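# Understanding the architecture of this molecule
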Amino acid sequence: MSNPVYQFAQVSGPSIDWRLRRNCSVTPSQLGWFYGSLCAVSLAIGLFFWFQGATLVLTFAGLELILVGWAFLAYARHATDGEWISLQGPHLVVELETAGRRERAEFARQWVRVEPESGDHSLIELSGQGRSVQVGRFIRPELRQLLAREIRRALRTA
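The present account deals with the structure reproduced in this document. (Residues numbered from 1 in each chain as written. Predicted model: local features only at pLDDT ≥ 70, side-chain atom pairs only at ≥ 80, totals over all residues. Heavy atoms only, no water.)

For the rest of this paragraph, the subject is the pattern of salt bridges. Applying the stated criterion across every chain yields a total of nine salt bridges. In this structure, the salt-bridge partner of R102 is E95, at a minimum N-O distance of 2.4 Å. For R102, a relative accessible area of 47% corresponds to the partly exposed category. Take E95: its relative accessible area is 18%, and that puts it in the buried class. Across the pair E97 and R102 runs a salt bridge, and its minimum N-O distance is 3.0 Å. (Salt bridge = Lys/Arg side-chain N within 4 Å of Asp/Glu carboxyl O. Buried < 20%, exposed > 50% of the residue type's maximum accessible area, 1.4 Å probe, protein only.)

Shown next, in the form of structure tokens:
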């Protein structure tokens, strides 16, 4: 019997893994370097105008940097969010990371139910043994049914 082909999963030996992450164009460290250079330029311009007698320019530049820093911090907190689903032998392990907080749920493979939460484009609910976890936040809604089918197929054939 040949191994099924998965669109979202990666098969490595006996393990099947789904790594679903936010699509971020800038990493938190790159954002930090950019923010540092933005601060240097804005403060240099503000100081130039301070010495020219326009003292409010530096005040507004500082206020702007605080607000931009707050927005960048909110972005950076969620840049590494993701969902990791792994089928390892008799266990399905789901790890969710949101704003640096990690949750882990482990299910016995034979008891896992995979179903949409409310409709075709809703999140996928993995449930079993009195627990449930919602996954699929990081893929387009129209592809969630495909992900659910992949997880079901892997649970049946693993």
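Attention now moves to the sheet that holds strand β2 (residues 15-21). In space, the five strands of this open sheet follow the order β1-β2-β3-β4-β5, with antiparallel pairing throughout. Edge positions in the open sheet fall to β1 (9-12) and β5 (101-108), since each of these has one partner strand only. Averaged over all pairs of adjacent strands, the angle between their axes in this sheet comes to 15 degrees, without regard to strand direction. Across four bridges, β1 lies against β2 in antiparallel orientation. Across the sheet, the residue bridging to Q10 is D17, located in β2. In the packing of helix α3 (residues 144-157) onto the sheet, the strands contacted are β1, β2, β3 (82-88) and β4 (91-98), and the crossing angle to β2 comes to about 160 degrees. (Pairing = 2+ DSSP bridges. Helix = DSSP H or I, 4+ residues; strand = E, 2+ residues; numbered from the N terminus. Axes fitted to C-alpha atoms, helices over the stretch in contact; angles between N-to-C directions. Contact = heavy atoms within 4.5 Å.)

Attention now moves to the nonpolar core. In this structure, W18, L92 and V94 are the most contacted members of the largest nonpolar core, which totals 25 residues. Among the elements of the structure, β2, β3, β4, β5, β7 (124-128), β8 (131-135) and α3 are those that each provide at least two residues to this core. The dominant element in this core, judged by the number of residues it contributes, is α3, at five residues. Once residues within four sequence positions are removed from consideration, W18 is found in contact with F8, A9, E83, W84, I85, L87, L147, E150, I151 and A154. (Core = buried A, V, L, I, M, F, W, Y, C linked by side-chain atoms within 4.5 Å.)

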